[in-house]
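# Inside the fold
Below are the chains, spelled out letter by letter.
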Amino acid sequence: MSNLPPLNTETIQAILDDKIDDATVNQLLWHCLGYRYDSSTSQWDTSQVAPEWQDEYPQPPNFIESRPATVKLTRSIPAENKQMLKEKLGFKGYKIGEFVPRQTRRATAANWFLSYLQQTNGRIE
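Residue positions within a chain follow its written sequence, with the count starting from 1. In keeping with the predicted nature of the model, local features appear solely for residues at pLDDT of at least 70, side-chain atom pairs appear and are counted solely at 80 or more, and the whole-chain, interface and lining totals rest on all residues. Heavy atoms throughout the structure, all of them, feed into the side-chain values; hydrogens and water do not.

## Some points on helix α6 (residues 101-121)
- By definition, any uninterrupted DSSP run of H or I lasting at least four residues is a helix, any uninterrupted run of E lasting at least two residues is a strand, and each is numbered from the N terminus. Here the expected length of a helix is defined as 1.5 Å per residue gap, with one fewer gap than residues. For α6, built from 21 residues, the straight-helix expectation of 30 Å at 1.5 Å per residue is met to within 8% by its first-to-last C-alpha distance of 30 Å.
- Looking only at α6, the buried set comprises Arg105, Arg106, Ala107, Thr108, Ala109, Ala110, Asn111, Trp112, Phe113, Leu114, Ser115 and Leu117.
- Of the surrounding elements, those touching the buried residues of α6 are α1 (9-16), α2 (22-33), α4 (67-75) and α5 (84-89).
- One or two steps after α6, the chain reaches Gly122, where phi turns positive at roughly 75°. Categorising residues by exposure relies on relative accessible area from a 1.4 Å probe, with only protein chains included: less than 20% of the type maximum marks a residue as buried, more than 50% marks it as exposed, and the intermediate range marks it as partly exposed. Working rule for contacts: check all heavy atoms of both residues, and any pair within 4.5 Å makes them a contact.

## A closer look at the nonpolar core
- Nonpolar cores are built from buried Ala, Val, Leu, Ile, Met, Phe, Trp, Tyr and Cys residues. Side-chain atoms within 4.5 Å join them into one set. Ranked by size, the top nonpolar core spans 31 residues in total, and within it Leu29, Trp53, Phe63, Trp112 and Phe113 carry the most contacts.
- Among the elements of the structure, α1, α2, α4, α5 and α6 are those that each provide at least two residues to this core.
- Considering every element that reaches this core, the biggest residue donor is α6, with seven residues.
- Excluding anything up to four places from it in sequence, Phe113 contacts Leu7, Ile12, Ile15, Val25, Leu28, Leu29 and Cys32.

## Focus: the packing of aromatic side chains
- Here a pair means two rings of Phe, Tyr or Trp (six-membered ring of Trp) with centres within 6.5 Å. Their orientation is stacked below 30 degrees between planes, edge-to-face above 60, and tilted elsewhere. What the rule picks out here adds up to seven aromatic pairs.
- When the ring of Trp30 is compared with that of Trp44, the centres are 5.4 Å apart and the planes differ by 75°; the resulting orientation is edge-to-face. Taken as a pair, Trp30 in helix α2 and Trp44 in strand β2 (residues 43-45) lie far apart in primary sequence, 14 residues in all.
- Residue Trp44 is classed as partly exposed on the basis of its relative accessible area of 21%.
- Arranged with centres 5.7 Å apart and planes meeting at 65°, the rings of Trp53 and Phe63 form a pair that is edge-to-face. In this pair, Trp53 sits in helix α3 (residues 51-56) while Phe63 sits in the loop between α3 and α4, placing the two residues ten residues apart along the sequence. The pair Trp53 / Phe63 is uniform in exposure class, with both members buried.
- Feature note: the residues Trp30, Tyr35, Tyr37 and Trp44 constitute an aromatic cluster, connected by ring pairs.

Structure (structure tokens):
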């Protein structure tokens, strides 16, 4: 996972614009949540993963394909950060009839990343 793009507003916008593939979005989420793949043991190291994620997801979930994992991701965003896509990126949402669950899950990931940046850095770049 060393070839991940930097986590910044450009990357988050690229996620919304579907310019970054689903696998990379998942890998970014896994990295931020603390999942690390140990190639020497061919297993996931979850020692840096919060217990509430470790217990339910000992293996990192595919957030783009899994509604339950995305719901958990949504619920982990503090209330004051729920509208960050609109506030920070001017995201107006998708038009009815023009979006699919995959896009909604990518938007959830993007909002989670904004919240993560705010919580870890105290600012969004």
